[in-house]
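Close look at the chain arrangement
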Amino acid sequence: MPIFHKISLRPEVENYLKQSFLNKEVVSASSKQEAERKFEALLIRLAHPPSFTTVRVNTHLASVEYVRDLLLEELQKQFRGLRVPVLQHPTLPDVLLIPVTGPRRNIERRQCEVIVGAQCGNAVLRGAHVYVPGIVSASKFMKAGDVISVYSDIKGKCKKGAKEFDGTKVFLGNGISELSRKDIFNGIPDLKGIGIRMTEPIYLSPSFDNVLPSYLFLQGEVIALDKVLNKVEKLKQNASLLGLHSIRAFCFDATKALKLGVIDGTEGTPPFLPESFDRILLDAPCSGMGQRPNMACTWTLKEVTSYQPLQRKLLNVAVRLLKPGGVLVYSTCTVTLAENEEQVAWALTTFPCLQLQPQEPQIGGEGMMGAGLAPEQLKLLQRFDPSVVPLQDMDTDCLSDAKKEDMIWLANKDCIGFFIAKFIKYKSTEEKVSWK
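Residues numbered from 1 in each chain as written. Predicted model: local features only at pLDDT ≥ 70, side-chain atom pairs only at ≥ 80, totals over all residues. Heavy atoms only, no water.

**Concerning the pattern of salt bridges**
- By the definition in use, this model includes twelve salt bridges.
- Across the salt bridge formed by Lys38 and Asp385, the nearest N and O atoms sit 3.6 Å from each other. Separated by 347 residues along the polypeptide, Lys38 in helix α3 (residues 32-47) and Asp385 in the loop between β15 (382-384) and α14 (396-401) bring together distant segments of the chain.
- The network of salt bridges with shared partners includes Lys6, Glu14 and Glu40. (Salt bridge = Lys/Arg side-chain N within 4 Å of Asp/Glu carboxyl O. Helix = DSSP H or I, 4+ residues; strand = E, 2+ residues; numbered from the N terminus.)

What follows is the structure, given as structure tokens:
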């Protein structure tokens, strides 16, 4: 049973998403009732954290086994002796998985309260402490050392510095205040550091604040995009046939491209880059509608839909930079049809030189219907859809009884929502492309 309501969206945004997920192709393949059920399940999943925290090991500095042992020691300290397993992913050996236990439904709520902003609340659900900039209000007599109940202001209605708040708020757990109310709201604009140290979070997830920073980095999705990009056996064959002597890879920095005006619609190769690449990873700016947990999104429909034309401009640049025989991987961390499958359909139509390729590893589900892609093409995509598994209540007893293969399966499915497409460029194209 979900402990939170579904993600709070503007009505026009929810209707826009619903129309996509209940498109004619989807409804005809199942039923309207089933499509509606799956859509509602997705909205609920987005408000809850994934079942696992995913980290990657810097194998240039240490072995996975060595870092795993260090991490186990750190987690025992954080969780006060509670033993939580750390799993090595069988397909992605440099990826470690830490199960998130919860929700813990029997935490006693305290009279002294702190209200935090929605983004701060999302971070707390992933294991963070409450930092001072995220605190919106605190009870009148709060002192350093008090036990505090922490709530998220998911509607953004609480006034900064308020002494009480009766609006919509979501309980996140309890913690110990590091500062008094007076210290927090003393008018010093750059006051930073931990304001509330979480001791009883509703979801027990590890904090990675300065934890093994040289050895680990957080990875929101289970799959590593570079693994898909770097499966180059076919690419090497193509390179040999085309007389290419080396494989050059490029992770497209969309932010840099924006700042330098590379995607303003002009012809030619971007001035800050070499002429072409064998491999390009375009991790595109997107609406981020697959991020979890996210209990509230205040974006307007105009903001949500603004990314499709930008992504098409970036795809245009990426295809021009890609050598014949080269591989392009396009990815987003959103669940919208417009930014995923519709972009694939557009790219295949706009660039006749592109063709979809099988992906390895293949961990996600196939693409969603509704963009006019053939069933064979949908199978070549990877859509990670959190609605495919029911919400899990996970405690230490569940962890001790669970089989490793079942936990790996759950980690692969109950993750953030994201998308991957892999193309190969068979021949160059010189025609001017419309971005509309």
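**Quick notes on the UniProt feature "binding site: S-adenosyl-L-methionine" (unreviewed entry) in the protein chain**
- Taking the UniProt record as the reference, the feature "binding site: S-adenosyl-L-methionine" (unreviewed entry) is found at Asp226, Asp253 and Asp283.
- Relative to the helices and strands, Asp283 resides in strand β12 (residues 277-283).
- For Asp283, a relative accessible area of 45% translates into the label partly exposed.
- Setting aside anything within four residues of it in sequence, one finds Asp283 in contact with Leu225, Ser331 and Thr332. (UniProt positions renumbered as here; feature names shortened; annotations may be inferred. Buried < 20%, exposed > 50% of the residue type's maximum accessible area, 1.4 Å probe, protein only. Contact = heavy atoms within 4.5 Å.)

**Structural notes on the side chain of Asn294**
- Looking at the secondary structure, you find Asn294 in the loop between β12 and α10 (301-305).
- Side-chain polar atoms of Asn294 contact the backbone nitrogen of Ala296, separated by 3.5 Å.
- Beyond its immediate chain neighbours, meaning those up to four positions away, Asn294 contacts Ile7, Leu46, Ala47 and Asn122. (Polar contact = N/O pair within 3.5 Å; in protein donor to acceptor, adjacent residues only side chain to side chain.)

**Let's talk about empty space enclosed by the protein**
- Counting across every chain of the model gives two cavities of 30 Å³ or more.
- A volume near 80 Å³ is recorded for the largest cavity.
- In this structure, the largest cavity is lined by Pro49, Pro50, Ser51, Val100, Gly102, Tyr203, Arg292, Leu391, Gln392, Met394 and Asp414.
- Within the lining of the largest cavity, the residues separate by chemical class into six nonpolar, three polar and two charged. (1 Å grid on protein atoms, 1.4 Å probe; cavity = no way out; pocket = protein on both sides within 12 Å on 5 of 7 lines; lining within 4 Å. Points joined across faces, edges and corners; volume = space filled by probe spheres on them. Nonpolar A, V, L, I, M, F, W, Y, C, P; charged D, E, K, R; others polar.)

**So, the confidence of the model for the protein chain**
- Looking at the protein chain as a whole, the pLDDT averages 88, with 87% of positions reaching at least 70.
- Contacts for the low-pLDDT stretch residues 259-268, under 50 throughout, to residues beyond four places or in other chains number 20 contacts. (pLDDT = per-residue confidence, 0-100.)

**Focus: the sheet that holds strand β4 (residues 113-117)**
- Strand order in the open sheet formed by six strands is β5-β9-β8-β7-β4-β6, and the pairing between neighbours is mixed. Every other strand in the sheet has two partners, leaving β5 (130-131) and β6 (135-138) as the edge strands with one partner each.
- Both strand β8 (residues 170-177) and strand β9 (residues 194-201) contribute to a ladder of five bridges, which runs antiparallel. What sits directly across from Asn174, in β9, is Glu200.
- Across the face of the sheet, helix α5 (residues 118-125) comes into contact with β4, β5, β7 (147-153), β8 and β9 while running at roughly 105° to β4. (Pairing = 2+ DSSP bridges. Axes fitted to C-alpha atoms, helices over the stretch in contact; angles between N-to-C directions.)

**With respect to the environment of Leu87**
- Here Leu87 lies in strand β2 (residues 87-88).
- A relative accessible area of 10% places Leu87 in the buried class.
- On a C-alpha basis, the gap between Leu87 and Met407 in space is 8.7 Å, while along the polypeptide they are 320 residues apart.
- Setting aside chain neighbours within four positions, we find Leu87 in contact with Phe52, Val95, Leu96, Leu97, Lys404, Met407 and Ile408.

**Comments concerning the layout of surface pockets**
- As a volume, the largest pocket reaches approximately 540 Å³.
- Taken together, 33 residues line the largest pocket, and the ones lying closest to its centre are Asn122, Ala123, Arg126, Arg292 and Pro293.
- For the lining of the largest pocket, the elements supplying multiple residues, two or more each, are β1 (52-57) and α5.
- The greatest single-element share of the lining of the largest pocket, amounting to four residues, is contributed by α5.
- Partitioning the lining of the largest pocket into residue classes produces 14 nonpolar, 15 polar and four charged.

**Considerations on the packing of helix α11 (residues 307-321) against helix α12 (residues 341-350)**
- The contact between α11 and α12 brings their axes to 11 Å, and the two run at 40°. Relative to α12, α11 is oriented oblique. Handedness of the α11/α12 crossing: right-handed. Taken together, the residues of α12 that come into contact with α11 (itself represented by Gln308, Gln311, Arg312 and Leu315) are Glu342, Gln343 and Trp346.
- Of the residues assigned to the contact of α11 with α12, the class counts are two nonpolar, three polar and two charged. (Parallel < 35°, antiparallel > 145°, perpendicular 65-115°, else oblique. Left-handed = near helix turned anticlockwise from the far one by under 90°.)

**Description of the side chain of Asp146**
- With respect to the secondary-structure elements, Asp146 resides in the loop between β6 and β7.
- On the accessibility criterion, Asp146 (18% relative accessible area) is buried.
- Polar contacts involving the side chain of Asp146 include one to the main-chain amide nitrogen of Lys143, which spans 2.8 Å.

**Things to note about the packing of helix α1 (residues 11-21) against α3**
- One can describe the packing of α1 onto α3 by two numbers: an axis separation of 10 Å at closest approach and a directional angle of 135°. On the basis of the axis angle, α1 is oblique to α3. By crossing handedness, the relation of α1 to α3 is classed as right-handed. Of α3, the residues touching α1 (which contributes Glu14, Leu17, Lys18 and Phe21) are Ala35, Glu36, Phe39, Glu40, Leu42 and Leu43.
- Its residues placed into classes, the contact of α1 with α3 shows six nonpolar, no polar and four charged.

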